[in-house]
Amino acid sequence: MFARSSEISEVTQAEIRRGFDAQGYQWNGQELQRHMYMEYRREVYPQYHGIAHDTHAVQKQSRCVDPTQEFYRLRYSVTGSNYRCKISHFQLRDLIWATSNYDVYYWHMDGIHRWNPWLKTRSCVLARREMPADFRLSALCVDQGIVLAGDYQGRVCARSLWASDTRVAVGQVAGGIDIVNHVTPANRRGGGNLVSLAVNSGSVDTFDVQRMAATTSASFEWAVNCTAISDSGSIGCVVGDSLQNVLVDPRQDYRKIGELLGHKDYSFACAISPDERQVATGSQDSSVRVYDVRWPRDTLASLCGYLGAMRVVKFSPCGRFLLAAEPADYLHVYETGLFDRSQDLEFMGEIAGATFTLDCLFVGISDAVHEDMLAEYTLL
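Residues numbered from 1 in each chain as written. Predicted model: local features only at pLDDT ≥ 70, side-chain atom pairs only at ≥ 80, totals over all residues. Heavy atoms only, no water.

Undergrad: Can you help me understand the layout of surface pockets in this one?
TA: In this approach the atoms are scanned with a rolling probe the size of a water molecule, which exposes any empty space left behind. Each pocket or cavity is described by its volume, and for the second largest pocket that value is around 470 Å³. Taken together, 20 residues form the lining of the second largest pocket, with Q343, D344, L345, E346 and Y377 sitting closest to its centre. Within the residue set of the lining of the second largest pocket, elements represented by two or more residues are α1 (13–17), β2 (72–79) and β26 (342–356). At five residues, β26 tops the list of elements feeding residues into the lining of the second largest pocket. Considered class by class, the residues forming the lining of the second largest pocket number ten nonpolar, four polar and six charged. (1 Å grid on protein atoms, 1.4 Å probe; cavity = no way out; pocket = protein on both sides within 12 Å on 5 of 7 lines; lining within 4 Å. Points joined across faces, edges and corners; volume = space filled by probe spheres on them. Helix = DSSP H or I, 4+ residues; strand = E, 2+ residues; numbered from the N terminus. Nonpolar A, V, L, I, M, F, W, Y, C, P; charged D, E, K, R; others polar.)

Undergrad: Teacher, can you tell me more about the sheet that holds strand β6 (residues 121–127) here?
TA: For sheets, the rule is that strands pair by backbone hydrogen bonds, running either parallel or antiparallel. The strand order across the open sheet built from four strands is β3-β4-β5-β6, with neighbouring strands paired in antiparallel fashion. With partners counted over all chains shown, the strands left at the sheet margins are β3 (96–100) and β6, one partner each. Strand after strand, the sheet turns through a mean of 25 degrees between neighbouring axes, direction not considered. In this sheet, β6 lies alongside strand β5 (residues 111–116) in antiparallel orientation, the contact comprising six bridges. Note that in β6 the partner of G111 across the bridge is A127. (Pairing = 2+ DSSP bridges. Axes fitted to C-alpha atoms, helices over the stretch in contact; angles between N-to-C directions.)

Undergrad: Mind showing me how you'd approach helix α2 (residues 31–44) here?
TA: In this model α2 runs 20 Å from its N-terminal to its C-terminal C-alpha over 14 residues, within 8% of the 20 Å that 1.5 Å per residue would give. Elements that come into contact with the buried residues of α2 comprise β25 (328–335) and β26. (Expected span 1.5 Å × (residues − 1). Contact = heavy atoms within 4.5 Å.)

Undergrad: What is the right way to look at the pattern of salt bridges in this model?
TA: Two side chains carrying opposite charge are able to pair once their charged atoms lie near each other. Enumeration over the complete set of coordinates arrives at 19 salt bridges. When the shortest N-O distance is used, the salt bridge between E350 and R93 registers 2.7 Å. Of the two residues, E350 sits in strand β26 while R93 sits in the loop between β2 and β3, which places them 257 residues apart along the sequence. Like E350, the residue R93 is buried in the burial classification. When salt bridges that share partners are traced, they join D134, D151 and R155 into one network. (Salt bridge = Lys/Arg side-chain N within 4 Å of Asp/Glu carboxyl O. Buried < 20%, exposed > 50% of the residue type's maximum accessible area, 1.4 Å probe, protein only.)

Undergrad: What exactly am I supposed to notice about the nonpolar core here?
TA: Nonpolar side chains tend to gather and get buried jointly when the protein is soluble and globular. Of all hydrophobic cores here, the largest spans 30 residues; its most connected members are I112, V183 and L197. Within the residue set of this core, elements represented by two or more residues are β4 (103–108), β6, β7 (137–143), β8 (146–151), β9 (155–160), β11 (180–185) and β12 (194–199). The element best represented in this core is β7, accounting for five residues. Each residue touching I112, except ones within four places of it in the same chain, is listed here: Y106, W107, S123, C124, V125, L126, M131, L137, L140, V147 and A149. Counting residues in hydrophobic clusters, the runner-up holds 24 residues, among them A22, Y72, L331 and L361. (Core = buried A, V, L, I, M, F, W, Y, C linked by side-chain atoms within 4.5 Å.)

Undergrad: Hey, could you run me through the side chain of K314 in this one?
TA: With respect to the helices and strands, K314 occurs in strand β23 (residues 312–315). Within the structure, K314 has its side chain in polar contact with the side chain of T355 (distance 3.5 Å). Aside from chain neighbours lying at most four places away, what touches K314 is D94, I96, A271, F321, L322, L323, A354, T355 and F356. (Polar contact = N/O pair within 3.5 Å; in protein donor to acceptor, adjacent residues only side chain to side chain.)

Undergrad: Teacher, can you tell me more about the sheet that holds β23 here?
TA: Taken in spatial order, the eight strands line up as β1-β2-β28-β27-β26-β25-β24-β23 in an open sheet, and their pairing is antiparallel. Because the sheet does not close on itself, it has two edges, and the strands there are β1 (10–11) and β23. Looking at chain direction, β26 and strand β27 (residues 360–366) are connected through six bridges and run antiparallel. Residue pairing across strands places G353 opposite G364, the latter belonging to β27. Sheet strands in contact with α2 are β25 and β26, and its direction is about 60 degrees off that of β26.

Undergrad: What is the right way to look at the pairing of strand β20 (residues 278–283) in this model?
TA: Here is the key point about a regular strand: its side chains alternate between the two faces of the sheet. Extensive coverage of β20 is indicated by the burial of six of its six residues. Relative to β20, strand β19 (residues 267–272) is paired through five bridges, and the arrangement is antiparallel. Bridge pairing in β20 links I272 to V279. Two successive antiparallel strands, β19 and β20, enclose a turn made up of five residues, where E276 displays a positive phi of approximately 65 degrees.

Undergrad: Is there a simple way to explain unusual backbone geometry in this structure?
TA: Positive phi outside glycine occurs at K120, with the angle close to 60 degrees. On the secondary structure map, K120 appears in the loop between β5 and β6. With a relative accessible area of 43%, K120 lands in the partly exposed category. Of note, the phi angle at S286 is positive, near 75 degrees, even though the residue is not glycine. For S286, a relative accessible area of 3% translates into the label buried.

Undergrad: How should the packing of aromatic side chains be read in this particular structure?
TA: Pairs of aromatic rings are described using the distance from one ring centre to the other and the angle between the two planes. Overall, the coordinates contain ten aromatic pairs when judged by the stated rule. With 6.2 Å between their ring centres and 25 degrees between their planes, Y76 and W115 make a pair best called stacked. Of this pair, Y76 sits in strand β2 while W115 is found in strand β5, placing the two residues 39 residues apart along the sequence. One exposure class covers both Y76 and W115, and it is buried. Ring geometry for W115 and F362: centres 6.5 Å apart, planes at 85 degrees, overall edge-to-face. Residue W115 is located in strand β5, and its partner F362 is located in strand β27; the two are separated by 247 residues in the primary sequence. The class for F362 is buried, based on a relative accessible area of 1%. (Phe/Tyr/Trp six-rings, centres within 6.5 Å; stacked < 30°, edge-to-face > 60°.)

See below:
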């Protein structure tokens, strides 16, 4: 389709200056063809809507943003099937986690791998053969030295990365067999190993990793697709198969304290800013909506993509940037504040996930037609 050197499996700024992109494609002299191909992909990429709506109307109501900024620059990327971030469910894409600039975790076909982009090494930290025989990963989380994965049958596998006891523990969500849609840390300041599990049956389980059991379970009237908990544990966001996403208080069994309105379709991503003043939600209506926690009924900004649903939404640790990943091809990094400037990173292929560290951005691409890739971008 396009020229790609089989000899290039790693890309640095040296290759970028020679006209290659992060996936190793050579674009010198083919800029027009590439632009036409990306426009074609926008037109034919399959859309999935839980609720019928007018996507063009959503785009017209979104904020005008200057997408030409450069906040992050590619430092290093690696391509090939060894770095394929396996996607098990087309709607669940938060499958890249980074605990430092040297520890990036992703779901591979033979287990959960750790990639070190500086030493250029990778290793398997939780092998597929160590999990239950029919385990299909749907959610991933790495926090406080523990790697944890949820699957289609409500099971949770965990392993310590620091302790001498490296046995794999297996637990079950409170509601029985159902998909674990998302996993997020629940008490980063409070100590203990608690995570919040978003379960497709319509519940949010607070899960004790040491006991491998749910301590509490809060029920909702719709499938819960994603949760976000502030670092202090005082504010939470719950989104799912509803147009009424909610702010909750995790300390009081996820009691509703506010509604987040405006989306025209179901939501699959949410995030809370480090200062706990803003919350962002990503929806299948192709938009990200940002709200002020103090006045959640009013939208601060509506930000629209090019291709389809917003599958991953995250704030940077400093709070300056908001990341929004579409299902394929486009990743947007918005500057918070006025939300009028962004950097648009363009790829070819399905986006398995993206995440921040203090001064880096990591992206995973998983695509059978184009090139699998893990990439590191550094803050300028």
